[in-house]
Amino acid sequence: MNRKLILFSALFTALIGIVLGLAAARMHPNRFASSLYQNLDRKYMVVGATAGLLVGAGQEAIRQLKHQRDAEEAKSTHH
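Residues numbered from 1 in each chain as written. Predicted model: local features only at pLDDT ≥ 70, side-chain atom pairs only at ≥ 80, totals over all residues. Heavy atoms only, no water.

**Student:** Is there a simple way to think about the overall build of the chain in this case?
**Tutor:** When helices and strands are tallied, the chain shows 2 helices and 0 strands. With the C-alpha coordinates aligned to their principal axes, the bounding extent of the chain is approximately 70 × 20 × 15 Å. For the chain, with 79 residues in total, the buried portion stands at 19%. By sequence separation, contacts in the chain at least 24 residues apart represent 69% of the contacts at least 6 residues apart. (Helix = DSSP H or I, 4+ residues; strand = E, 2+ residues; numbered from the N terminus. Buried < 20%, exposed > 50% of the residue type's maximum accessible area, 1.4 Å probe, protein only. Contact = heavy atoms within 4.5 Å.)

Written out as structure tokens, the structure reads:
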């Protein structure tokens, strides 16, 4: 498996997750005064980045494993 491609995909989707998290925080402004609800922009960005990182790495790993399996099946059917 190509680890660099998995890392690139994970980082790129993490970046997308950060943007989506920031957009979600901006779309729903905080109306509470509790300390739990402070810095929601940062919290949403971290959640978005984490989700993007996991989804991107998982998706690319599955794509590469499928490609590897298809290549192995094609090799075994030709012999």
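**Student:** Can you help me understand the pattern of salt bridges in this one?
**Tutor:** Two side chains that carry opposite charge are able to pair once their charged atoms sit near each other. This model, assessed by the stated rule, comprises 5 salt bridges. With a shortest N-O distance of 2.6 Å, R63 and E60 are connected by a salt bridge. Taken as a pair, R63 and E60 lie in helix α2 (residues 40-78) at a separation of 3 residues, close to a single helical turn. Residue R69 pairs with E73 through a salt bridge whose shortest N-O separation is 3.8 Å. Of the two residues, R69 and E73 both sit in helix α2, 4 residues apart, roughly one turn of that helix. (Salt bridge = Lys/Arg side-chain N within 4 Å of Asp/Glu carboxyl O.)

**Student:** Sorry if this is basic, but what is going on with α2 here?
**Tutor:** A turn of α-helix holds 3.6 residues, and therefore any two residues three or four places apart point the same way. For α2, with 39 residues, the first-to-last C-alpha span of 57 Å sits near the 57 Å given by 1.5 Å per residue. Looking at the buried side of α2, the elements it contacts are α1 (3-27). (Expected span 1.5 Å × (residues − 1).)

**Student:** Got a minute to help me understand the environment of K4 in this structure?
**Tutor:** Tracing the sequence through the fold places K4 in helix α1. Assessed through its relative accessible area of 71%, K4 is described here as exposed.

So far we have only geometry, and geometry alone does not tell us how the molecule works.
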